[in-house]
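Coordinate analysis (summary)
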Amino acid sequence: MQDDALVNYDFHCPYCDSPLTFLIDTSQGSHDTWEDCHQCCAPIQLQIIVSPMTGALDSIVAGRDDDVL
């Protein structure tokens, strides 16, 4: 894995609004994953979209457990 494949993603928890930073590995391509909030421990769904042409991060959608992404 190359260091440029790792991207910091800063956002706020959709439950408690705490600021969070997750390290996203773009070498995995587009995928869905779950991470827990470091403050309130609620599950956060992350939809990672990576460009198949460049391998660059296109977008990230974060949602609550009951959101459908």
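Keep in mind that this is a model prediction, so the values were computed, not measured.

1. Quick look at the confidence of the model for the protein chain
On average, the protein chain scores 90 in pLDDT, and the residues at 70 or more come to 93%. At the level of individual helices and strands, the protein chain shows its lowest average pLDDT in strand β5 (residues 57-64), which scores 92, and its highest in strand β4 (residues 43-50), which scores 95.

2. Concerning the pattern of salt bridges
Inspection of every chain in the model, using the stated rule, returns one salt bridge. Residues Asp66 and Arg64 are paired through a salt bridge, measuring 3.7 Å at the closest nitrogen-oxygen approach. Taking relative accessible area as the criterion, Arg64 reaches 32% and is therefore assigned partly exposed.

3. Points about the sheet that holds strand β3 (residues 31-36)
As summarised here, the arrangement of the three strands in space is β3-β4-β5, forming an open sheet in which the pairing is antiparallel. Each having just a single partner strand, β3 and β5 make up the two edges of the open sheet. Neighbour-to-neighbour, the strand axes of this sheet turn through a mean angle of 25°, independent of strand direction.

4. Here's the deal with the packing of aromatic side chains
Summed over the entire model, instances satisfying the criterion amount to two aromatic pairs. The interplanar angle of 20° and the centroid separation of 4.8 Å between the aromatic rings of Tyr9 and Phe11 together place this pair among those described as stacked. When sorted by exposure, Tyr9 lands in the same class as Phe11, which is buried. Members of the aromatic cluster, joined through ring pairs, are Tyr9, Phe11 and Phe22.

5. Section: the side chain of Ser51
In this fold, Ser51 is placed in the loop between β4 and β5. On the basis of relative accessibility, which here comes to 12%, the residue Ser51 falls in the buried class. Of the polar contacts made by the side chain of Ser51, one reaches the backbone nitrogen of Met53; its length is 3.3 Å. At a separation of 3.3 Å, a polar atom in the side chain of Ser51 contacts the main-chain amide nitrogen of Thr54. If near-sequence neighbours (up to four positions away) are discounted, Ser51 is found in contact with Ala56 and Asp58.

Cut-offs and rules
Residues numbered from 1 in each chain as written. Predicted model: local features only at pLDDT ≥ 70, side-chain atom pairs only at ≥ 80, totals over all residues. Heavy atoms only, no water. pLDDT = per-residue confidence, 0-100. Helix = DSSP H or I, 4+ residues; strand = E, 2+ residues; numbered from the N terminus. Salt bridge = Lys/Arg side-chain N within 4 Å of Asp/Glu carboxyl O. Buried < 20%, exposed > 50% of the residue type's maximum accessible area, 1.4 Å probe, protein only. Pairing = 2+ DSSP bridges. Axes fitted to C-alpha atoms, helices over the stretch in contact; angles between N-to-C directions. Phe/Tyr/Trp six-rings, centres within 6.5 Å; stacked < 30°, edge-to-face > 60°. Polar contact = N/O pair within 3.5 Å; in protein donor to acceptor, adjacent residues only side chain to side chain. Contact = heavy atoms within 4.5 Å.

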